Amino acid sequence: MGNLINKQVEPFQVSAFSNGEFIEVSEKDLQGHWSVLFFYPADFTFVCPTELGDLAEHYEEFQQEGCEIYSVSEDTHFVHKAWADASDTIKKIRYVMLADPAGILARQFGVLVEEEGQALRGTFILNPEGKVKAYEIHDMGIGRNAEELLRKVQAAKFVEEHGDQVCPAKWQPGEETLSPSLDLVGML
Amino acid sequence: MEIDKIASKSSLITPELEEQLLGVLGKLTGEAHLACVVDLEDKASVEMAELVRHIAGLSDKLSCQFYDSKEAEEALPELDSTLLPATALYRQGEYTGVAFHGVTGGKEMNSLVLAIYNVAGPGQEMDKRILKKLGKLSHKCEIKIFVSLACHHCAQQVITCQQMAACSEAIEARMIDARLYPHLAKEYKIERIPMTVINEKEILLGTKTMDQMYQYVKSCK
């Protein structure tokens, strides 16, 4: 699978666990707002609750950005509920937990490890038209950072609204002066 | 301030860069003067002072003079000498409205060299229609462009605004390295650059064409 930037989310319909209820989610639900698809290998594992809990703690900030979070694993929605019942960390999650036991979404985004039936830790930021604007894929054991994800969502939104002619102002106090570079081709 | 306190060569200007600078400065048709307000106890000020002295030494069309902030208060009242180092360009003894706060390293070397080229002449080509409109501006316009030296878009925005300033007595365009003045970064909530502030009213992000800048300048009284 090649580069996924600007890939349009394909039609799908999956079950999900959301705030104590079972719901159905399709690609149409991802339209009209920014979305994050947050793949993780499986429920009831050790790294995942940490990542998902981190995401839950920042969920309000994502919502303030007009961004909806969808976690995705290859478990069923019943397993998501069982996990929420069993774990205080998962219980506090307010975003939608998609169930992808058939691997439809994981295959669509190239993160399914077929022989294990699990998804790599893939994160996909989709714009309101359902197009991928940024993504990262980690191997199973490498965790992600919700704050960094929030920054990426903000940056993606900013670029969509203002074009790409800006740079992040990430200067550090005490940083060395950059050596000058002269490039005046076509300007004189 | 004694010029002897400032090294005549800048470590930021490599022999290759000096060759390039000689090529551009060799085209100058008129004269320009660089006034530089510095605090020689401060590393950035020393870097900028050395840079200015080195560049001024590359052309007989250029001259420079250095001031501490106390001297500048009297001698250069038109220049904001609270943000050091501050370097301004003068033509025939008159402030052109082109100034730099910070060290013009990184991409901002392009801004400084083009500002000199535009002030001393021959200057970059300019749309005659905009030139005419700039001549008719009836209100003063102060433009601050916050930049980072590594930002490739920033220099373009500085060049556009300072080209306008070099052509219009009504416009002042100051490059400000946001890294050097954290209180301003906080005050203006700078998260992305270039950020352009016009008359403390209009805030623009990213680069703009000269046509666009003229419209903002015109409407921002």
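Attention in this report is confined to the structure presented alongside it. (Residues numbered from 1 in each chain as written. Chains lettered and ligands numbered in written order. Predicted model: local features only at pLDDT ≥ 70, side-chain atom pairs only at ≥ 80, totals over all residues. Heavy atoms only, no water.)

### Focus on the state of the cysteines
Residues and elements named next belong to chain B.
Consideration 1: Applying the stated criterion across every chain yields a total of 1 disulfide over all chains.
Consideration 2: What pairs with C151 in a disulfide is C154, and their sulfur atoms sit 2.4 Å apart. In this structure the cystine formed by C151 and C154 twists about its S-S bond by roughly 90°; its chirality is therefore right-handed. As far as burial versus exposure is concerned, C151 and C154 are alike and both buried. (Disulfide = S-S within 2.5 Å. Buried < 20%, exposed > 50% of the residue type's maximum accessible area, 1.4 Å probe, protein only.)

### Points about the packing of helix α1 (residues 15-25) of chain B against helix α4 (residues 108-120) of chain B
All names here are of chain B.
Consideration 1: As a packed pair, α1 and α4 sit with axes 10 Å apart at the nearest point and diverge in direction by 25°. What the angle tells us is that α1 and α4 run roughly parallel. Considering how the two elements wind past one another, α1 and α4 form a crossing that is right-handed. Residue-level inspection shows L17, L21, V24 and L25 of α1 in contact with α4, the latter providing M109, V113, I116 and Y117. (Axes fitted to C-alpha atoms, helices over the stretch in contact; angles between N-to-C directions. Helix = DSSP H or I, 4+ residues; strand = E, 2+ residues; numbered from the N terminus. Parallel < 35°, antiparallel > 145°, perpendicular 65-115°, else oblique. Left-handed = near helix turned anticlockwise from the far one by under 90°. Contact = heavy atoms within 4.5 Å.)

### Brief notes about the pattern of salt bridges
Residues and elements named next belong to chain B.
Consideration 1: Under the defined criterion, the tally for this structure stands at 19 salt bridges over all chains.
Consideration 2: Two residues, K144 and E200, come together in a salt bridge whose shortest N-O distance is 2.0 Å. Here E200 lies in the loop between β8 (195-198) and β9 (202-205) and K144 lies in strand β5 (residues 141-147), a separation of 56 residues in the sequence.
Consideration 3: Its relative accessible area of 45% is what places E200 among the partly exposed residues.
Consideration 4: We note a salt bridge from R179 to D177, for which the minimum N-O separation is 3.8 Å. There is no split in this pair, since R179 and D177 are both buried.
Consideration 5: The network of salt bridges with common partners includes D80, E142, K144, E172, R174 and E200. (Salt bridge = Lys/Arg side-chain N within 4 Å of Asp/Glu carboxyl O.)

### Some details on the sheet that holds strand β5 (residues 96-99) of chain A
All names here are of chain A.
Consideration 1: Ordered by their spatial adjacency, 7 strands build an open sheet running β2-β1-β5-β4-β3-β8-β9, and the pairing between neighbours is mixed. Each having just a single partner strand, β2 (21-26) and β9 (132-138) make up the two edges of the open sheet. On average, adjacent strands in this sheet sit at an angle of 25° to one another, irrespective of strand direction.
Consideration 2: For strand β4 (residues 67-73) and β5, the ladder comprises 4 bridges, and the chain directions are parallel. Across the sheet, S71 pairs through a bridge with M97, a residue of β5.
Consideration 3: Running at roughly 15° to strand β1 (residues 13-18), helix α3 (residues 77-86) makes contact with β1, β2, β4 and β5 of the sheet.
Consideration 4: On top of the sheet, helix α6 (residues 146-162) reaches β3 (34-39), β4, β8 (121-126) and β9; it is set at about 145° to β3, its chief contact. (Pairing = 2+ DSSP bridges.)

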